[in-house]
Amino acid sequence: MRDTLQAISVLLEKHNASSNTLAIALLGDEKKMWDYLVSNELWGGAGSVADQAVLELPDARRQLETLLIRLGRDQMRLGRVNVRTEMWVTAFEKWQAEGIR
């Protein structure tokens, strides 16, 4: 999971959309990482990574959504999710299947 989160961080950083909270999560211990993995900053509504990161860059957004699907599926398998994780993963998978993004 840390590898997927690292890939998300690299993608966001490449497009000047990284956050201090994400960097701290990656540099910190397991608790800090999990705090971020179940956070509204990652999986919440307006302003979250899932909702708005790199929207203006379609290729980067597709890459991000693919990484978020992988991350969310791993989290769901472990039962450690944000209340919106499953909703986002389902939406991203549907959009990819339908070629919407």
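Residues numbered from 1 in each chain as written. Predicted model: local features only at pLDDT ≥ 70, side-chain atom pairs only at ≥ 80, totals over all residues. Heavy atoms only, no water.

(A) Highlighting helix H1 (residues 2-14). Taking 1.5 Å per residue as the helical rise, H1 with its 13 residues ought to reach 18 Å, and the 18 Å between its terminal C-alpha atoms agrees with that figure. For H1, the complete set of buried residues consists of Thr4, Leu5, Ile8, Ser9, Leu11 and Leu12. Along the long axis of H1, the arc covered by the buried residues comes to 165°, so they all point the same way. In H1, the exposed positions that point more than 90 degrees away from the buried face belong to Asp3, Glu13 and Lys14. Looking at the packing, one finds that the buried side of H1 touches helix H2 (20-27), helix H3 (30-37), helix H5 (49-52) and helix H6 (58-78). (Helix = DSSP H or I, 4+ residues; strand = E, 2+ residues; numbered from the N terminus. Expected span 1.5 Å × (residues − 1). Buried < 20%, exposed > 50% of the residue type's maximum accessible area, 1.4 Å probe, protein only. Arc of directions from axis to C-beta. Contact = heavy atoms within 4.5 Å.)

(B) How the structure looks around the packing of aromatic side chains. The final tally for this structure, using the stated rule, is two aromatic pairs. Considering the side-chain rings of Trp88 and Phe92, the 5.4 Å spacing of their centres and the 25° angle between planes classify their relative orientation as stacked. Of this pair, Trp88 and Phe92 both sit in helix H7 (residues 85-98), four residues apart, which is roughly one turn of that helix. Three or more aromatic residues joined by ring pairs form one cluster here, namely Trp88, Phe92 and Trp95. (Phe/Tyr/Trp six-rings, centres within 6.5 Å; stacked < 30°, edge-to-face > 60°.)

(C) Seen up close, the pattern of salt bridges. Tallied over the full model, the rule gives seven salt bridges. Glu93 is the salt-bridge partner of Arg73, the closest N and O atoms lying 2.8 Å from each other. In this pair, Arg73 is assigned in helix H6 and Glu93 in helix H7, connecting sequence segments 20 residues apart. Residue classification places Glu93 among the partly exposed residues on the basis of a relative accessible area of 28%. (Salt bridge = Lys/Arg side-chain N within 4 Å of Asp/Glu carboxyl O.)

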